[in-house]
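# What the coordinates show
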Amino acid sequence: MSRPGFVLEVDERTPPLLMHQGEGFRLERLPLGSKVIYPPDSLPGLRNVDTAIARALLNPIGIEPLPELLRPGMRLTVVFDDISLPLPPMQTPDVRQRVIEHVLEMAAAKGVDDVELIAGNSLHRRMTPAELKRVVGDRVFRSFFPDHLRNHDAEDHSNLVEVGTTAQGEVVELNRRAMESDLVVYVNITLTAMSGGPKSVSVGLASYRSLRHHHNVHTLRHSRSFNDPANSAMHHSYERMKDVIGDHVTVFQIEATLNNDTFPSSMGFLNKREWEWNLADQGRYLGVKRVNELLPAKSRRRLWQSTAAPYGVTAVNAGVPSEVHPQTIANVHRQQLTEVRGQSDVAIFGLPYICPYNVNSIMNPILVMSLGLGYFFNLYKNRPIVREGGTAIFYHPVPGEFHPVHHPSYIDFFDEVLTESIDPVVLETKFEEQFATDPWYIQLYRKSYAYHGVHPFYMWYWGAHALEHLGEVIFVGGNRRTTARMGFKAASTLADALEIASHTVGSSPSISYLHAPPLVMADVR
Amino acid sequence: MKIRDEVRLLRHGRDWRGRSTVPRSADPWVQSEEERDFPTAWARTRPAVVVRSALRRGLLRPVTWSQTRPVVEGVEYLENLHGPAVFVANHSSHLDAPLIVSSLPRRFADRLAVGAAADYFFDARVRAAATVLFFNAFPVERHGSRRLRSLAVELLDDGWNLLLFPEGTRSEDGWMNAFKPGTAQLCVSKGVPVVPVALRGAYAAMPRGRNWPVPGRPRIAVRYGRPLHPVEGEGFRELRTRMMQAVTRLAAEEELGWYGALRAEADNELELPTRPSEGGGAAGWRRIWDSTRPSDDGPGRRVWTW
């Protein structure tokens with residue numbers, strides 16, 4: 001049986017602990033008494049994923065079995081999560097491919113001709129044909145690309161439809177093809193408790209008009225955390241939108257959960273607890289680290305980006321989104337949740353090389369901020385790991401690099417907007433509209449492979465709760481120029497960071513280190 | 001960071017095998033290492049037997065005999081013994097196995113397999129490989145913590161002699177402890193003879209905690225007894241008692257002499273070993289005191305004078 005997650009208390013018997021630091025990693029000796037939050041051991045993957053998928057499709061929750069929903073002459077739209085899930089991308093065959101193939105087998109058997117496949121990429125960049133092919137598999141790609149396998153276009157107004165308004169006045173504007181279908185099948189991977197469920201359709205197929213109701217500073221400040229849907233204002237908005245969508249179209253949601261096999265066997269030490277490293281793990285640590293440091297920056301990035309996770313699928317569930325999702329969340333918690341007693345003065349996070357928005361790309365400073373203060377800070381239930389007014393210490397070099405094709409609006413956001421203000425409310429009220437409606441950004445989003453013009457704002461809002469909560473943010477090994485631009489501090493070493501933090505948390509603060517990835521979510525009591 | 005500093009940081013708190021100490025708070029979550037049986041079949045191949053025989057005669061015996069002064073008695077009882085047999089001995093030192101395998105006649109020594117504690121000799125691969133090569137060792141599960149399929153039956157079926165230490169572990173104080181029933185059960189079920197062997201002086205020469213004999217070539221008595229054949233209808237408990245009596249008597253010959261020990265046994269004056277938990281007999285210090293009494297036989301440590 002897999003071991004549950006646990007909280008280590010650093011003592012003199014604790015070996016140096018691993019920290020991710022962008023496209024690299026290091027060992028760090030934490031002060032005695034520090035708490036280290038480890039995830040549960042990776043759960044065993046399903047032995048036969050195909051059987052599990054078939055069982056889920058034939059025994060869905062709250063809806064008829066999929067074959068009964070299919071009939072000749074119907075309009076079927078299959079939507080799937082885009083490249084932002086999972087992280088790192090999983091080794092092929094992707095579980096989405098397996099699910100889609102099962103769905104299409106059933107559709108073919110029932111004589112459904114009108115089938116469209118849409119990547120639910122929302123305001124993310126379009127997926128390239130190669131990326132689409134990797135997710136859906138060769139057979140599906142050949143059968144449907146390019147006419148019937150495509151990316152969602154949130155700026156193609158002819159292919160958007162306003163399906164209604166929630167009781168709170170939130171406009172629900174979504175992909176027309178999906179909303180005018182007889183059945184939408186959504187194929188999801190729930191990597192963290194944030195994704196899946198009502199979020200899938202209401203975000204993945206939405207336009208800016210619709211997204212702005214939940215992707216804003218107010219909801220994100222009141223999402224505590226956004227990985228805990230019951231306490232997330234953002235998820236409450238998704239729920240309201242889901243009801244409007246449910247009145248309009250039938251959504252059959254298939255959700256898969258993954259285990260914590262995040263790194264391939266060549267880097268297996270990254271999946272293990274340090275005191276359990278054997279000689280081979282230590283040799284690999286030294287070897288991989290050395291080679292990684294000696295590689296030119298481009299090759300290093302290519303190497304990391306080509307890493308595919310040997311994830312095992314822990315469960316596949318299907319049904320109506322509101323009923324299937326609680327089961328999915330329970331499975332995510334089974335893999336990621338660790339109970340922690342009490343908050344600490346300082347929280348330490350080692351930020352890895354990847355976040356949802358730099359797959360096959362570059363993690364620019366805004367994305368580092370969103371990964372640290374957004375995703376990692378919000379890996380909690382009940383209360384944040386660090387107390388209000390405490391300090392967050394992140395390990396990341398925060399290089400001032402941007403991908404000019406993928407993140408053009410980020411460059412302007414960093415150079416022109418952050419120099420004006422770093423206050424999310426000011427950014428939202430003063431600059432968001434301008435970036436969201438800029439025709440050049442819209443053109444790049446639609447025709448090139450750029451994230452939408454408004455996307456860097458959302459990334460900043462992602463950290464709004466942390467910015468409000470924290471007294472100090474320090475990046476160990478961070479570039480001084482980029483961190484200063486974002487209003488943070490840089491330190492060379494952990495000792496320096498703690499010295500800087502001593503002004504806000506004193507000279508002997510309590511420290512918690514969230515040992516991720518593999519992903520762990522702290523249930524702070 | 002320089003590679004040397006990196007290695008130093010990585011090695012911090014780890015032993016030469018790269019094993020780290022486990023943080024106290026992680027103790028409840030320590031996972032027992034994947035239990036794989038160390039392969040031993042290779043040690044029973046013809047080339048391995050030849051190599052082991054050469055190592056025994058060229059290295060093990062000369063080194064043991066150079067560091068201790070073994071007195072071997074009773075080998076003549078083995079002359080008429082044919083077929084596989086189980087040698088059982090009291091166990092108080094790591095010297096016991098080298099002394100027995102090096103003092104046995106070659107026809108037994110070349111076809112001998114030694115039962116070794118799975119949790120001690122087979123926990124590290126280097127130690128396991130050396131033990132298997134030198135002693136044709138096979139793992140014996142002592143604590144029943146996992147169900148290791150014992151090779152003993154298979155080895156007897158294949159005609160191998162076994163050397164087993166039925167106490168299960170080295171004595172803490174040099175005195176013999178009660179035998180565990182497994183060896184007797186094995187001999188009764190397979191109908192194989194048991195050869196009792198008593199070692200005296202091994203504890204004084206190299207007790208627990210030492211990895212080399214004490215200086216001065218201490219005397220060690222290795223005494224073989226007449227083979228005990230399980231008799232028709234005999235249960236393993238009876239055979240176990242006979243084994244303990246035989247080894248106790250052989251050990252007592254050190255003080256009482258051969259005939260004196262026989263007489264003492266006949267008069268029921270020999271005290272059979274008990275489990276340490278059962279107490280009885282002498283106090284702990286007296287047992288150690290007795291076990292470490294220097295032998296008055298022989299020259300002892302040579303002292304050079306000018």
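Counting of residues starts from 1 at the beginning of each chain's written sequence and follows it residue by residue. Each chain is given a letter, starting from A, and each ligand a number, starting from 1, according to the order in which they appear as written. Residues qualify for local features only when their pLDDT is at least 70, as the model is predicted, and side-chain atom pairs are given and counted only at 80 or more; totals for whole chains, interfaces and linings, by contrast, use all residues.

Helix and strand definitions follow DSSP, with helices as H or I runs of at least four residues and strands as E runs of at least two, each counted in order from the N terminus. For chain A, the count of helices and strands is 22 helices and 20 strands. Two things to know: the radius of gyration comes from C-alpha atoms, and the globule rule equals 2.2 Å times the number of residues to the power 0.38. Against the 2.2 N^0.38 benchmark of 24 Å for 525 residues, chain A shows a C-alpha radius of gyration of 22 Å, consistent with a compact globule. Reported as C-alpha extents along the three principal axes, the dimensions of chain A are approximately 70 × 55 × 45 Å. Note that contacts rest on C-beta atoms placed from the backbone: two residues are in contact if these are within 7 Å. Within chain A, contacts between residues at least 6 apart in sequence are counted, and of these 79% link residues at least 24 apart.

What follows concerns the overall build of chain B. Looking only at helices and strands, chain B features 11 helices and 7 strands. Pairs at least 24 apart in sequence give 75% of the contacts found in chain B among residues at least 6 apart.

Considering the arrangement of structural elements, one finds Val10 of chain A in the loop between strand E1 (6-9) and strand E2 (17-20). In sequence terms Val10 of chain A and Lys35 of chain A are 25 residues apart; their C-alpha atoms lie 6.3 Å from each other. With near-sequence residues (within four places) excluded, Val10 of chain A lies in contact with Leu30, Pro31, Leu32, Gly33, Ser34 and Val36 of chain A together with Pro23 of chain B.

This part is about the packing of helix H1 (residues 49-58) of chain A against helix H3 (residues 95-109) of chain A. All names here are of chain A. Direction vectors running N to C along H1 and H3 enclose 50°, while the axes themselves pass 10 Å from each other. As far as their axial angle goes, H3 and H1 are oblique. Crossing hand, H1 versus H3: right-handed. Contacts between H1 and H3 involve Val49, Asp50, Ile53, Ala54 and Leu57 on the former and, on the latter, Val95, Arg98, Val99, His102 and Met106. Each residue gets one label: Ala, Val, Leu, Ile, Met, Phe, Trp, Tyr, Cys and Pro are nonpolar, Asp, Glu, Lys and Arg are charged, and the others, such as Gly, are polar. Here the residues of the contact of H1 with H3 are counted per class, giving 7 nonpolar, 1 polar and 2 charged. For helices, the axis comes from a line fit to the C-alpha atoms of the stretch in contact; other axes are also lines fit to C-alpha atoms, and the angle between any two N-to-C directions lies between 0 and 180 degrees. The cut-offs work like this: below 35 degrees is roughly parallel, past 145 is roughly antiparallel, 65 to 115 is roughly perpendicular, and the gaps in between are oblique. What makes a crossing left-handed is the near helix being turned counterclockwise from the far one by less than a right angle; a clockwise turn instead makes it right-handed.

Counting from both sides, the interface comprises 20 residues of chain A and, opposite them, 19 residues of chain B. Among the elements of the structure, E1 and helix H11 (279-294) of chain A are those that each provide at least two residues to the side of chain A that touches chain B. Ranked by residue count, the leading element in the side of chain A that touches chain B is H11 of chain A, at 6 residues. For the side of chain A that touches chain B, a count of residues per class yields 10 nonpolar, 3 polar and 7 charged.

Here we take up the sheet that holds strand E2 (residues 86-89) of chain B. All names here are of chain B. One open sheet accounts for 7 strands, arranged E1-E7-E6-E2-E5-E3-E4; its pairing is mixed. Among the strands making up the open sheet, the edge pair consists of strand E1 (69-73) and strand E4 (137-140). Strand-to-strand, the axes of this sheet are offset by a mean angle of 25°, without reference to chain direction. Its contacts with the sheet put helix H3 (residues 96-103) on E1, E2, strand E3 (112-117), strand E5 (161-164), strand E6 (194-200) and strand E7 (219-224), and the angle it makes with E7 is roughly 55°. Strand contacts of helix H8 (residues 182-190): E2, E5 and E6, with the helix running at about 160° to E2, the strand carrying the most contacts. Two strands qualify as a pair provided that DSSP identifies no fewer than 2 bridges between them.

Another point: unusual backbone geometry. A cis amide bond, omega -15°, links Leu87 of chain A with the succeeding residue Pro88 of chain A. Looking at the secondary structure, you find Pro88 of chain A in the loop between strand E5 (75-81) and H3. Cis geometry is adopted by the peptide bond preceding Pro517 of chain A, which originates at Ala516 of chain A and carries an omega value of -5°. Note on placement: Pro517 of chain A falls in the loop between strand E19 (511-514) and strand E20 (521-524). A positive phi angle is found at Asn360 of chain A, which is not glycine, with a value near 55°. Considering the arrangement of structural elements, one finds Asn360 of chain A in the loop between strand E14 (344-350) and helix H14 (365-376). The backbone of Asn136 of chain B sits at a positive phi, close to 50°, despite the residue not being glycine.

Attention now moves to the sheet that holds E20 of chain A. Residue and element names in this part refer to chain A. Taken in spatial order, the 3 strands of this open sheet run E13-E20-E15, and their pairing is parallel. Unpaired on one side and paired on the other, strand E13 (337-340) and strand E15 (380-381) mark the two borders of the sheet. Pairing geometry for E15 and E20, over 2 bridges, is parallel. What sits directly across from Tyr380, in E20, is Ala522.

Moving on: the domain arrangement of chain A. All names here are of chain A. According to the domain assignment, chain A consists of domain 1 (6-41 + 336-524) and domain 2 (49-258). A straight line from the C-alpha centre of domain 1 to that of domain 2 covers 28 Å. In this assembly, 30 residues from domain 1 lie in contact with 27 residues from domain 2. Looking at the side of domain 1 that touches domain 2, the elements that each hand over two or more residues are E15, helix H16 (424-430), helix H18 (439-447), helix H19 (455-462) and helix H20 (464-469). Looking at the side of domain 1 that touches domain 2 element by element, the count peaks at 4 residues for H19. Partitioned by chemical class, the residues of the side of domain 1 that touches domain 2 number 21 nonpolar, 5 polar and 4 charged. Domain start and end points were adopted from an automatic or database domain assignment.

Nonpolar cores are identified as sets of buried Ala, Val, Leu, Ile, Met, Phe, Trp, Tyr and Cys residues joined via C-beta atoms within 7 Å. To sort residues by exposure, count the other C-beta atoms lying within 10 Å of each residue's C-beta; 20 or more gives buried, 12 or fewer gives exposed, and values between give partly exposed, all with C-beta atoms placed from the backbone. Ranked by size, the top nonpolar core spans 165 residues in total, and within it Val78, Val185, Ala392, Leu514 and Ala522 of chain A carry the most contacts. Two domains each donate at least three residues to this core, and these are domain 1 (6-41 + 336-524) and domain 2 (49-258) of chain A. Apart from the residues lying within four places of it in its own chain, the contact partners of Val78 of chain A are Ile100, Val103, Val115, Leu117, Val185 and Val187 of chain A. Leu112, Leu199, Tyr224 and Ala251 of chain B belong to the second largest nonpolar core, which has 66 residues in total.

Residues and elements named next belong to chain A. Taken together, the buried positions of H18 are occupied by Tyr441, Leu444 and Tyr445. All buried residues of H18 lie within an arc of 100° about the axis, which places them on one face of the element. For H18, the exposed residues set more than 90 degrees away from the buried face come down to Pro439, Trp440 and Lys447. On its buried side, H18 packs onto helix H15 (408-417) and helix H17 (432-436). Note that the arc is computed from the directions linking the helix axis to the C-beta atoms.

What follows concerns the environment of Glu254 of chain B. Within the fold, Glu254 of chain B resides in helix H10 (residues 236-266). Setting aside anything within four residues of it in sequence, one finds Glu254 of chain B in contact with Arg200 and Ala221 of chain B.

What follows concerns the pairing of strand E8 (residues 160-165) of chain A. All names here are of chain A. Pairing analysis gives 5 bridges linking E8 to strand E9 (residues 171-175), with the strands arranged antiparallel. Counted as the bridge partner of Glu162 is Glu173 from E9. The turn linking E8 back onto E9 is made up of 5 residues, and Gly169 within it adopts a positive phi angle of 80°.

This paragraph deals with the confidence of the model for chain B. Confidence scores labelled pLDDT are given residue by residue by the predictor and lie between 0 and 100. Put simply, chain B has an average pLDDT of 85, and 88% of its residues get 70 or more. Among the prediction metrics, the complex's ipTM stands at 0.86, with pTM recorded as 0.74.

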